[in-house]
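# Residue-level structure breakdown
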Amino acid sequence: MNAAPADQIRLLDVQALDVRLSQLSHKSNSLPEHAEIEQLGSDLAQLRDLLVASTTEESDTTREQTKAEQDVDQVRQRAVRDQQRLDSGAVSSPKDLESLQRELTSLAKRQGDLEDVVLEIMERREAAQERVTELTQRVAAVQAKVDDATARRDAALTELDAEIATVTKDRQVVAEVIPADLMKLYDKLRAQQGGVGAARLYQRRCEGCRLELNITEVNDVKAASPDTVLRCENCHRILVRTSESGLS
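What counts, and at which threshold
- Residues numbered from 1 in each chain as written.
- Predicted model: local features only at pLDDT ≥ 70, side-chain atom pairs only at ≥ 80, totals over all residues.
- Heavy atoms only, no water.
- Helix = DSSP H or I, 4+ residues; strand = E, 2+ residues; numbered from the N terminus.
- Rg over C-alpha atoms; globule rule 2.2 N^0.38 Å.
- Areas by Shrake-Rupley, 256 points an atom, 1.4 Å probe, with all protein chains shown as cover.
- Core = buried A, V, L, I, M, F, W, Y, C linked by side-chain atoms within 4.5 Å.
- Buried < 20%, exposed > 50% of the residue type's maximum accessible area, 1.4 Å probe, protein only.
- Axes fitted to C-alpha atoms, helices over the stretch in contact; angles between N-to-C directions.
- Parallel < 35°, antiparallel > 145°, perpendicular 65-115°, else oblique.
- Left-handed = near helix turned anticlockwise from the far one by under 90°.
- Contact = heavy atoms within 4.5 Å.
- Nonpolar A, V, L, I, M, F, W, Y, C, P; charged D, E, K, R; others polar.
- Pairing = 2+ DSSP bridges.
- Disulfide = S-S within 2.5 Å.
- Expected span 1.5 Å × (residues − 1).
- Salt bridge = Lys/Arg side-chain N within 4 Å of Asp/Glu carboxyl O.

### Side note on the overall build of the protein chain
Scanning the protein chain from terminus to terminus reveals 5 helices and 4 strands. Ordering the α and β elements of the protein chain from the N terminus gives α-α-α-α-β-β-α-β-β. Relative to its length of 248 residues, the protein chain is extended, with a C-alpha radius of gyration of 42 Å against a globular reference of 18 Å. Its C-alpha atoms put the protein chain at 135 × 30 × 25 Å along the principal axes. A total of about 15200 Å² of accessible surface is found on the protein chain, and carbon and sulfur atoms cover 50% of it.

Okay, here's the thing in structure tokens:
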């Protein structure tokens, strides 16, 4: 393949722009905010799960307390009715009086036991409420960190995307003046050779594979026409000659 020396040198400009695009893409994918957001998102999900569990516990204990207080009220009302019967003198039979007094004693004990249950439930409910408050604050704090990291990531991506767009346009401008067959070969080699399809020959060394040409290869390069598109014998990339190739 033949191409004007100027077009071959322009290929190095395209290569430099492609390297920059690769760097920008890598930078976009490797922003520290990505890992930060992922970790914060995991922390946030765990906190939200804990918050749901604590909120459920608070709700359960609220219902449990209401039921226990209703039980206490029922026993209290029963005791009030019995006490009223006792005080009214409507019960005159000694046996009935004794039975009523035993029931009042039993109801008093039952009421005391139920009130202890209510207190125990209230303590658990208060603990659940405190846990809900704490977790709500922690969720808000982590969410704020997520929002901050997301804003920083988006700002960085916006800046990188703008540069990518500029470099892509510059590449298009340069590539349009290079012969299509030469660009096709370059793109094919670039895909095969880890993103580098053309390399400068600098001081008899291929900058693609970093290997120095042997004397036979140097003589072949010297003998080749300036229009000949050379390939490195070692890495097979397009080898571009410049004034710094060290051939003179």
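Still more to cover.
### Looking at the nonpolar core
Judged by nonpolar contacts, the single largest core of 23 residues is most densely connected at Leu11, Val14, Ile178, Leu182, Met183, Tyr186 and Ile238. Of all the secondary structure elements, the ones that give two or more residues to this core are helix H1 (5-29), helix H3 (94-175), helix H4 (180-192) and strand S4 (238-241).

### What about the packing of H1 against H4?
For the pair H1 and H4, the least separation of the axes is 11 Å and the interaxial angle reads 40 degrees. It follows that H1 is oblique to H4 by the angle criterion. Judged by the sense of rotation from one axis to the other, the crossing of H1 with H4 is right-handed. Two secondary-structure elements touch here, H1 through Asp7, Gln8, Leu11, Val14, Gln15 and Asp18 and H4 through Leu182, Met183, Tyr186 and Arg190. A breakdown of the residues in the contact of H1 with H4 according to their chemical character gives 5 nonpolar, 2 polar and 3 charged.

### Concerning the sheet that holds S4
Strand order in the open sheet made by the 4 strands is S2-S1-S4-S3, with mixed pairing throughout. Every other strand in the sheet has two partners, leaving strand S2 (205-206) and strand S3 (230-231) as the edge strands with one partner each. Contacting strand S1 (198-202), S3 and S4, H4 crosses the sheet at an angle of about 120 degrees to S4.

### Considerations on the environment of Val167
Considering the arrangement of structural elements, one finds Val167 in helix H3. Not counting chain neighbours up to four residues away, the residues in contact with Val167 comprise Leu17, Arg20, Leu21 and Leu24.

### Notes on the state of the cysteines
In the structure shown here, the tally under the stated rule is 0 disulfides. As a non-bridged cysteine, Cys206 has Cys232 as the owner of its nearest cysteine sulfur, 3.8 Å distant. Judged by relative accessible area, Cys206 falls into the buried class, the value being 0%. Distance from the sulfur of Cys235, which forms no disulfide, to the nearest cysteine sulfur (Cys232) is 3.7 Å.

### Notes on H1
Taking 1.5 Å per residue, 25 residues should reach 36 Å; H1 reaches 37 Å between its end C-alpha atoms and fits that length. Those residues of H1 that sit buried are Asp7, Gln8, Leu11, Leu12, Val14, Gln15, Leu17, Asp18, Leu21, Leu24 and Ser28. Contact partners of the buried residues in H1: helix H2 (32-88), H3, H4, S1 and S4.

### Examining the pairing of S4
Residue alternation in S4 divides its side chains into two sets, Ile238 and Val240 and Leu239 and Arg241, and both sets are buried. Pairing between S1 and S4: 4 bridges, direction parallel. Each residue of the ladder has a partner; that of Ala198, found in S4, is Ile238. Judged from the 2 bridges that link them, S3 and S4 form a sheet pairing that is antiparallel. Across the sheet, Arg231 pairs through a bridge with Ile238, a residue of S4. In this antiparallel pair of consecutive strands, S3 and S4, the connection spans 6 residues, and His236 shows a positive phi of 70 degrees.

### Side note on the pattern of salt bridges
Pairing is possible between side chains of opposite charge, provided their charged atoms come close. Under the defined criterion, the tally for this structure stands at 25 salt bridges. In this structure, the salt-bridge partner of Glu36 is Arg152, at a minimum N-O distance of 2.9 Å. Placement of the pair is Glu36 in helix H2 and Arg152 in helix H3, with a sequence separation of 116 residues. The closest approach of N and O atoms between Arg76 and Asp73, which form a salt bridge, is 3.6 Å. Taken as a pair, Arg76 and Asp73 lie in helix H2 at a separation of 3 residues, close to a single helical turn. Take Arg76: its relative accessible area is 34%, and that puts it in the partly exposed class. The network of salt bridges with shared partners includes Asp18, Arg171, Asp187 and Arg190.

Coordinates in, geometry out; function isn't part of it.
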